Amino acid sequence: MSSEVAAATTNTAAEKVETSAPAAAPAESKPAAEKAEEKTEEKEKSKSSSQAQANTSLYVGELDPNVNEAILFEIFNMVGTVSSIRVCRDAVTRRSLGYAYVNFLNAEDSERALEQLNYTPIRGRPCRIMWSQRDPGQRRAGQGNIFIKNLDEAIDNKALHDTFSAFGKILSCKVATNEHGSLGYGFVHYESKDAAEAAIKHVNGMLLNDKKVYVGHHISKKDRQAKIEEARAQFTNVYVKNLDPAVTQEEFEKLFTKYGTITSAALATDSDGKSRGFGFVNFAEHEQAAKAVEELNDTEFHGQKLFLGRAQKKAEREEELRKAYEAAKNEKLSKYQGVNLYIKNLPEDFDDERLQEEFAPFGTTTSAKVMRTPTGASRGFGFVCYSAPEEANKAVAEMNGKMIENRPLYVALAQRKDVRHQQLAAQMMQHNQLRLQQQQAAAAAAAQMYPGAPGMYYPGAPGQFPGGVRPQYAPGMMQGMPPMAGNPNGPYPPGQFPAGGMFPQGYRPPRPPRGAAPAGGNVNNAQGGQRGQNALAQQAVPAQPEQLTAAALANASPEEQKQMLGEAIYPKIAASQPQLAGKLTGMILELPVGELLHLLEDDEALTSKVDEALTVLREYESREGGQAESNATTDA
C-alpha cells in the first residue's frame, strides 16, 4: 500500500506545481485557447491516473478473526497479481479487527476480484468487498447513500446488493447485524446521486420477502438527532402515573378534556381488567399537551400525587436512566476523590466508633465505616472519609504501618475497582519481569561459581523447574505478596532448602547454636567424639529467637519484619517437622504480616497452615518424582 500512497502523493504534488508555478513564456507562445486545452488534457490524464491508482486497492470486511494475510493472499492471488495485503489489528492485543486491505498491481485485476469474490465465504463467513476510499471527506459526504428499513431477516448483504445493483454502480452495501442476526435495516452507497434517486423512486414502498420496505436518503446521525430533539420538543403524547387503582376510564378521560381535544386516552390494565396505576393521553396539539403537564403535574387526584410528562419509548427511558446513573456515579467519585481512605488489617473488635476515634486526631471525619459480613462479623477493612485532602494525606502518613493490637494497619487513598485492578496487573507484570531477570542472573552466577556441581540447586538454574519458574505452592497463600527473590547468602539448616529453593528476600532461618557441627561434617574434634555427639543433639533443637515485640516489628523495614517473624515461627515448626522446617517456614512467610502475627498467637492456626503447606509440598514432590520417572523411561 505504501507504493500506491507514494505514487498518489507524487501525482498530487505534480498537480500543485503545475497549477501554482507560472511557466516561463516562450518567445513565440501558442494561442491561449490551445494552451488551455493542453492544460485541461494534462489534468484529465493526471486525474485518471490517480483514479486508476486508487482503484487497485480493495477493502475486505466481515472477516473471521482467524483470517490472516496468508489466507487472503491464497484467495486473491488466484484472480490477479497481488502487490500487498494488510489485515488491520488492534494495537494492544494484535487481534484482527475483521477487515483488511488488498492491493493489486493493476486496476483490471482489482475489478475482477470485486466481481468474482464479493460475498464469497472465507472461513465460513461471507466477506464484503468494496473499493478502498482513502479520502475521508468523500466517505462522509453521503452523496448517493440510501437507507433501507423494515428488511426481512432472511435478506443478507448479497441479497441486498443483488436487489439494488440494477439502479447503478454500488460502492458499498451492508445489512446491520448483531450477534443474533439482522437488525432489519441496511445501507447502500451508489457511485452517483442519480442512481440513489432511481433506487428510492422504484423500491420505496415495495414488498421484499412479503415485507413493505422504506427507502430514503441517508441522514447523518447528527442531523437525525437534531430532528429527534425537535420532535420531542413538540410532543402531544402525555404519560401519567401514580393513579389511584380505583380511577375508571371515564374519570381518566374527564380529567384531561378541559385542556383540549383528546385523540386517544388509554388507562393501562392487567389481565383481570384492574388499573395498573398509569396511562397515556394524546392531544391534538402540542400546546394542549404542554398545558396539561404544567397544570396537573404534582397535583393530587383521588388522594395521590400525579406525575405527568412527555411519553417516552422504553429505549429512551433506559438511556436517560443510564446517563443519570453515570452522572451521579462520577459526581460521587469526584466528591470523595482524595479524601476517602481505605484501611485494612483491622482488629476484629473494631467498630465504626473505634475506627473514627483512631483517625479523628488528623482532621474532621465525615464518615467512618467498618465493612461487615451478612452475619455481622468484621471483614477486616473499612473506610474513613475526611473533609479535606490535606487531612487525608496526613492520616495516611501517620497511620500507615501503625501497630494496633499487634497488627500493622494498611492505610491508603481509596481507589475505584477498575483503577486498582489495572495497577495490580501492571505491578504483577513488573514483578514477573524483575523476578525473571533475577533468576537469570542467579543462574549465570551459579554456573560460574559452581560449574557442574552435582546435587546442588541455584535459584533460577535451568532444568530445576519447567521454564525456569519455581512452582506456585499454595495459591491462596501467596495473594497480595510480592514475588520472592533468592537469598543464596543465608546459612540454611542442613538439608532444609526452602520450597522452590527460595526464602523471602532478606530472610535467613536461625543459625544452629555455636559449636554445633554441620550435618554430615566431622564431629571428631579435639574434645572427643562425645562432644561431637552433643553438638549434633544441640543442632536438632534450634536456638530460641529473641522475644518479638510489636514495637520492634513496627520500627522494622518489610524485609526485617519477615526476618523477625521467620525467626519466631521457625522454632515452632521445627518442633513438629524438624526435617522440613526450612521449606515450610519459607512457604508460610509468603502470607501477609498481619496473618503471620495471628499465627504466632494461635498455635492451632499455625498447625493448620503447616499441614496445608506440607500437603502442597508433598503433592509437588510426588508430581516432580512422577515426571522424572517418566523422563527416565522415555530416555531408556
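Quick notes on the rules
Residues numbered from 1 in each chain as written. Predicted model: local features only at pLDDT ≥ 70, side-chain atom pairs only at ≥ 80, totals over all residues. Heavy atoms only, no water. Axes fitted to C-alpha atoms, helices over the stretch in contact; angles between N-to-C directions. Helix = DSSP H or I, 4+ residues; strand = E, 2+ residues; numbered from the N terminus. Parallel < 35°, antiparallel > 145°, perpendicular 65-115°, else oblique. Left-handed = near helix turned anticlockwise from the far one by under 90°. Contact = heavy atoms within 4.5 Å. Buried < 20%, exposed > 50% of the residue type's maximum accessible area, 1.4 Å probe, protein only. Phe/Tyr/Trp six-rings, centres within 6.5 Å; stacked < 30°, edge-to-face > 60°. Lys NZ or Arg CZ within 6 Å of the ring centre and 35° of its normal. Salt bridge = Lys/Arg side-chain N within 4 Å of Asp/Glu carboxyl O. Pairing = 2+ DSSP bridges. Patch = residues over 30% accessible without salt bridge, like charges linked within 9 Å, V, L, I, M, F, W, Y side chains within 5 Å. Areas by Shrake-Rupley, 256 points an atom, 1.4 Å probe, with all protein chains shown as cover. Lys, Arg positive; Asp, Glu negative; His and termini not counted. Charge placed at Lys NZ, Arg CZ, Asp CG, Glu CD.

With that settled, consider the packing of helix H17 (residues 558–576) against helix H18 (residues 581–588). In contact at an axis separation of 9 Å, H17 and H18 are set at 135 degrees when each is read in the N-to-C sense. Here H17 is positioned oblique relative to H18, judged by the angle of their axes. As H17 runs across H18, the sense of the crossing is right-handed. From H17, Gly566, Tyr570, Ile573 and Ala574 reach across to H18, where they touch Ala581, Gly582, Leu584, Thr585 and Ile588.

Here we take up unusual backbone geometry. Positive phi, normally seen in glycine, also occurs at Arg123, with a value near 55 degrees. Within the secondary structure, Arg123 is located in the loop between strand S4 (121–122) and strand S5 (125–126). Owing to a relative accessible area of 52%, Arg123 belongs among the exposed residues under this scheme. Notably, Glu405 is not glycine yet its phi reads approximately 55 degrees, a positive angle. Considering the arrangement of structural elements, one finds Glu405 in the loop between strand S22 (403–404) and strand S23 (407–408). The class of Glu405 is partly exposed, set by a relative accessible area of 42%.

Now for the packing of H17 against helix H19 (residues 593–601). Helix-helix packing is described using two parameters, namely the angle between the two axes and the distance between the axes. One can describe the packing of H17 onto H19 by two numbers: an axis separation of 11 Å at closest approach and a directional angle of 30 degrees. Put simply, H17 runs roughly parallel to H19. The interaxial crossing formed by H17 with H19 has left-handed handedness. From H17, Gln561, Lys562, Leu565, Ala568, Ile569 and Lys572 reach across to H19, where they touch Val593, Leu596, Leu597 and Leu600.

The next thing to look at is the packing of aromatic side chains. Under the counting rule described, the total for this entry stands at 17 aromatic pairs. Both rings, one in Tyr99 and one in Tyr101, keep their centres 6.2 Å apart while their planes meet at 90 degrees; by these two values the pair is edge-to-face. Grouping aromatic residues by their ring pairs yields a cluster made of Tyr239, Phe278, Phe280 and Phe307. In this structure, Lys241 packs its charged tip against the face of Phe307, placed 5.1 Å from the ring centre. The ring of Tyr410 carries Lys344 above its face, with NZ or CZ at 4.8 Å from the centroid.

The next subject is the pattern of salt bridges. By the definition in use, this model includes 13 salt bridges. Note that Asp603 is salt-bridged to Lys572, the shortest N-O span being 3.6 Å. Here Asp603 is found in helix H20 (residues 603–635), whereas its partner Lys572 is found in helix H17, with 31 residues between them in sequence. The exposure class assigned to Asp603 is partly exposed, which follows from its relative accessible area of 49%. Several salt bridges share partner residues, and in doing so they unite Glu229, Arg232, Arg310 and Glu316 into one network.

One open sheet holds the four strands; their spatial order is S14-S15-S13-S18, and the pairing between them is antiparallel. Every interior strand has two partners, whereas the edge strands, strand S14 (262–269) and strand S18 (307–310), have only one. Each strand axis lies, on average, 20 degrees off the axis of its neighbour in the sheet, ignoring direction. As defined by bridge partners, strand S13 (residues 237–241) adjoins S18 across four bridges and the pair is classed as antiparallel. Across the sheet, the residue bridging to Val240 is Leu308, located in S18.

This paragraph deals with a negative patch on the surface. On the surface, a cluster of negative charge is contributed by Glu348, Asp349, Asp351 and Glu353. Tracing the chain through its elements places Glu353 in helix H12 (residues 352–359). When its relative accessible area of 57% is taken as the criterion, Glu353 is described as exposed.

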